[in-house]
There are 2 protein chains.
Amino acid sequence: MHIAITGGGGFLGQRVARRLAAEGHLGGRPVSGLTLFDIDRPPVPEAPFPVASIAGDVAELPEAAIPPGTDVVLHLAAVVSAAAEADYELGRRVNLRGTDAVVDACRRLARPPRVVFTSSVASFSASRSEIIGAATRQVPANSYGAQKAAAELILADATRRGFLDAVTLRLPTVCIRPGRPNKAASSFVSSILREPLNGEAAELPVADNFCLWIASPAQATDWLLHACSMDSSAMGLDRSVNPPGLTVTVGEMLAALEAAKPGAATLVRRVAAPQIEAIVATWPARFDPARALSLGFAPHGTLDALVGEFIAGTRAVP
Amino acid sequence: MHIAITGGGGFLGQRVARRLAAEGHLGGRPVSGLTLFDIDRPPVPEAPFPVASIAGDVAELPEAAIPPGTDVVLHLAAVVSAAAEADYELGRRVNLRGTDAVVDACRRLARPPRVVFTSSVASFSASRSEIIGAATRQVPANSYGAQKAAAELILADATRRGFLDAVTLRLPTVCIRPGRPNKAASSFVSSILREPLNGEAAELPVADNFCLWIASPAQATDWLLHACSMDSSAMGLDRSVNPPGLTVTVGEMLAALEAAKPGAATLVRRVAAPQIEAIVATWPARFDPARALSLGFAPHGTLDALVGEFIAGTRAVP
């Protein structure tokens, strides 16, 4: 089977590419080829199958990005929360016109492919005490979330029409991301663990009792791979899933940090950042995982395991 | 105040234009001018203020369609249900790119205008026994509904950003529409009353106990005018309203027909039309009007009054 990844140079795109390269198969079928697409040519992992790497604008998607014979598209290309808030046109172009371009590319294929799309917790703005279920309406409080929710509707309709077979994962905040603090409003969520584990200071713009819905990079990658090959027939018209993420408070995260590396939590400085707080305060933190579990998405591991996964990964990649 | 109407040549656009022309004011303020825009140049009503009539493609909206100084935009231009189902590109272009073009036109104005947008009962696909509330999620079962729900998200986000001030009305099936049966899947809803009242036969593709959510043209026009001038500050992030429509069965409609014109119901022929039934069977018929009433939308009159309104209108316009 041939797999194409938009946003293939991004954090999750590269993780999925490396997993496919290492395993050589997906859902029991051998992978025959992989196409990675991003704004810059994505790095190519060593793989037992050909890997193409293509650069371009997702809103003007070149045909080679989703070539004839593609069986699975992971549509991960996106402009993230703070960037979409700062640049309306850019967010609309990538997050909406990019999704239209993926729909049109799929219509040119002989067989409708599975399309795995990443939506986000940021598409909700329920009160933070509410438990989000499969039927909860998305009332986004940021442009990124609004564009993701609109793209979900477009992909669900394209599925109903038989153009493609979409499975949308509304990802929790992925934590611990590698690298440095970035423009995402959720950047601090990884930073308050990552920087202290690396012996550096981090800034915390919310209170210790602030509640978050998170998933480790490994767990998010597992869910994406499951979404690539699962039986989608039970989904009906509703092609979106809230996966079984981890609900934690900042205080619990700092306790897990301290348990993994005594003294590290003292590197976390409380700061006031009302703009960040205004965005993340609208993201719900409690979800009912029943539908995701019934569709075969694995429950998340513990917070200690999430911290341990990062420490092991840091050691493995010098 | 200056008012602009996209879809100004359509049924509701023309009704709103004639009401504004007849009344000369809106929400207590005098109307200084009206711009009507549609794919063909809309008819111009006689009015105590200048009326411009412009033809064009809503996806490539000319600046003159929403000129500098516009205070209120009624964005009614749309490709309807059966047509959007038959032509995916056309539906996407008008229903989505047209909405983006309206957003961009509003951003060029010095002051963010009120934008009144018409979404639809077709954006829902809840089970027919369910009561739709303000928090019910839209899971559309047709491209028209999906495009309308996505456009609602885009307009709500544009409101939050301060580009405009949107009020979306999710209109019930408007009944009794004048004219002839058309491509809308809901065409029969008007036809089973209109044709027999005019002494002609009509086709009924659903059972007598089939339940519908409807609104008369006069009531829909009243709601649109209320949406133009109401205080929207109580709406918060949720810019969409399910107005207080009328829930009726086909049997009740035929009884009202028979009461207004004895013998007319015998002109209604039962036919099998599985494609029509498949679309309309996904539209819910029961709604909780609490939020709409709290926002000042008037409750709907009786079914007998709806039939009487049509008969009076037919007499008034020879």
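Residues numbered from 1 in each chain as written. Chains lettered and ligands numbered in written order. Predicted model: local features only at pLDDT ≥ 70, side-chain atom pairs only at ≥ 80, totals over all residues. Heavy atoms only, no water.

Residues and elements named next belong to chain B. On the basis of which strands lie adjacent, the open sheet formed by three strands has the order β10-β12-β14 and mixed pairing. Because the sheet does not close on itself, it has two edges, and the strands there are β10 (173-174) and β14 (246-249). Here strand β12 (residues 211-215) runs beside β14; their pairing, made up of four bridges, is antiparallel. Paired with W213 across the strands is T247, a residue of β14. (Pairing = 2+ DSSP bridges. Helix = DSSP H or I, 4+ residues; strand = E, 2+ residues; numbered from the N terminus.)

Structural remark: α-helix, 3.6 residues per turn; residues separated by three or four positions point the same way. Spanning 13 residues, helix α6 (residues 217-229) of chain B covers 19 Å between terminal C-alpha atoms, matching the ideal 18 Å at 1.5 Å per step. Within the span of α6(B), buried status applies to B:P217, B:Q219, B:A220, B:T221, B:W223, B:L224, B:L225, B:A227 and B:C228. (Expected span 1.5 Å × (residues − 1). Buried < 20%, exposed > 50% of the residue type's maximum accessible area, 1.4 Å probe, protein only.)

The subject of this paragraph is the packing of helix α4 (residues 143-160) of chain A against helix α4 (residues 143-160) of chain B. The geometry of α4(A) relative to α4(B) is characterised by a closest axis approach of 9 Å and an angle of 175° between their N-to-C directions. Regarding the angle of α4(A) to α4(B), the classification is roughly antiparallel. Residues A:S143, A:A146, A:A149, A:A150, A:L153, A:D157 and A:R160 of α4(A) lie in contact with α4(B), whose contacting residues are B:S143, B:A146, B:A149, B:A150, B:L153, B:D157 and B:R160. Looking at side-chain class alone, the contact of α4(A) with α4(B) contains eight nonpolar, two polar and four charged residues. (Axes fitted to C-alpha atoms, helices over the stretch in contact; angles between N-to-C directions. Parallel < 35°, antiparallel > 145°, perpendicular 65-115°, else oblique. Contact = heavy atoms within 4.5 Å. Nonpolar A, V, L, I, M, F, W, Y, C, P; charged D, E, K, R; others polar.)

Residue and element names in this part refer to chain A. If you check the domain split of chain A, you get domain 1 (2-172 + 215-241) and domain 2 (187-212 + 246-285 + 301-316). Domain 1 and domain 2 are separated by 27 Å when their C-alpha centres are compared. Of the residues lining the interface, 15 residues belong to domain 1; the matching set on domain 2 comes to twelve residues. Across the domain 1 to domain 2 interface the summed buried area is about 1100 Å²; carbon plus sulfur atoms make up 58%. On the domain 1 side of the contact with domain 2, V121, R128 and S216 bury the most area, a combined 46% of that side's loss. (Domains from an automatic or database assignment. Buried area = accessible area lost by both parts, 1.4 Å probe.)

Another aspect to go through is the environment of B:Q219. All names here are of chain B. Within the element layout of this structure, Q219 appears in helix α6. Between the C-alpha atoms of Q219 and H300, which are 81 residues apart in sequence, the distance is 6.8 Å. With residues up to four places along the chain from it excluded, the contact list for Q219 reads A298, P299, H300 and G301.

Chain B puts 36 residues into the contact, and the matching count from chain A is 36 residues. Roughly 2800 Å² is buried in total at the junction of chain B and chain A, and carbon and sulfur atoms are behind 47% of that figure. On the chain B side of the interface with chain A, the three residues burying the most area are B:Y88, B:R137 and B:L153, jointly 26% of the side's total. There are twelve salt bridges connecting chain B and chain A. In this structure, B:R107 and A:E89 form a salt bridge, with 2.7 Å as the shortest nitrogen-oxygen distance. The interface formed by chain B and chain A includes 24 residue pairs in polar contact (both at pLDDT 80 or more). (Salt bridge = Lys/Arg side-chain N within 4 Å of Asp/Glu carboxyl O. Polar contact = N/O pair within 3.5 Å; in protein donor to acceptor, adjacent residues only side chain to side chain.)

Overlay of chain B on chain A (RMSD 0.0 Å): rotation 180°, translation along the axis 0.0 Å. Taken together, the turn and the small shift mark the pair as related by a two-fold rotation axis. Comparing interface residues between copies, 100% of those in chain B also sit at the interface in chain A, which points to an isologous, same-surface contact. (Least-squares fit on C-alpha atoms with pLDDT ≥ 70 in both.)

For the bond running from A:C175 to A:I176, omega is 15°, close enough to zero to count as cis. One can find A:I176 in the loop between β10 (173-174) and α5 (187-197).

Counted by the stated rule, this structure contains six aromatic pairs over all chains. When the centroid spacing of 5.0 Å and the interplanar angle of 80° are considered together, the rings of A:F163 and B:Y88 count as edge-to-face. Of this pair, A:F163 sits in the loop between α4 and β9 (165-171) while B:Y88 sits in helix α3 (residues 88-107), on two different chains. A residue is classified by how much of its surface remains accessible, and A:F163, at 14% relative accessible area, is buried. Between A:W213 and A:F287 the ring centres are 3.6 Å apart and the planes differ by 15°, which places this aromatic pair in the stacked class. Of this pair, A:W213 sits in strand β12 (residues 211-215) while A:F287 is found in strand β16 (residues 286-287), placing the two residues 74 residues apart along the sequence. Under the relative-accessibility criterion, A:W213 is labelled buried at 3%. Positioned above the aromatic ring of A:F163 is the side chain of A:R107, whose terminal nitrogen or guanidinium carbon lies 4.2 Å from the ring centre. (Phe/Tyr/Trp six-rings, centres within 6.5 Å; stacked < 30°, edge-to-face > 60°. Lys NZ or Arg CZ within 6 Å of the ring centre and 35° of its normal.)

All names here are of chain B. Structurally, the position occupied by R239 is in the loop between α6 and β13 (240-241). A polar contact is formed between the side chain of R239 and the side chain of S232, at a distance of 3.1 Å. Within the structure, the side chain of R239 is placed 3.0 Å from the backbone oxygen of G236, a separation counted as a polar contact. Sequence-distant contacts of R239, defined by excluding residues within four places in its chain, comprise A156, T159, D165, A166, V167, T168 and S232.

All right, on to the side chain of A:K148 then. All names here are of chain A. On the secondary structure map, K148 appears in helix α4. Salt bridges are absent for the buried K148, whose nearest opposite-charge side chain, E152, sits at 8.4 Å. Among all residues touching K148, those that are not within four sequence positions of it are A77, A78, F117, T118 and S119. (Lys, Arg positive; Asp, Glu negative; His and termini not counted.)

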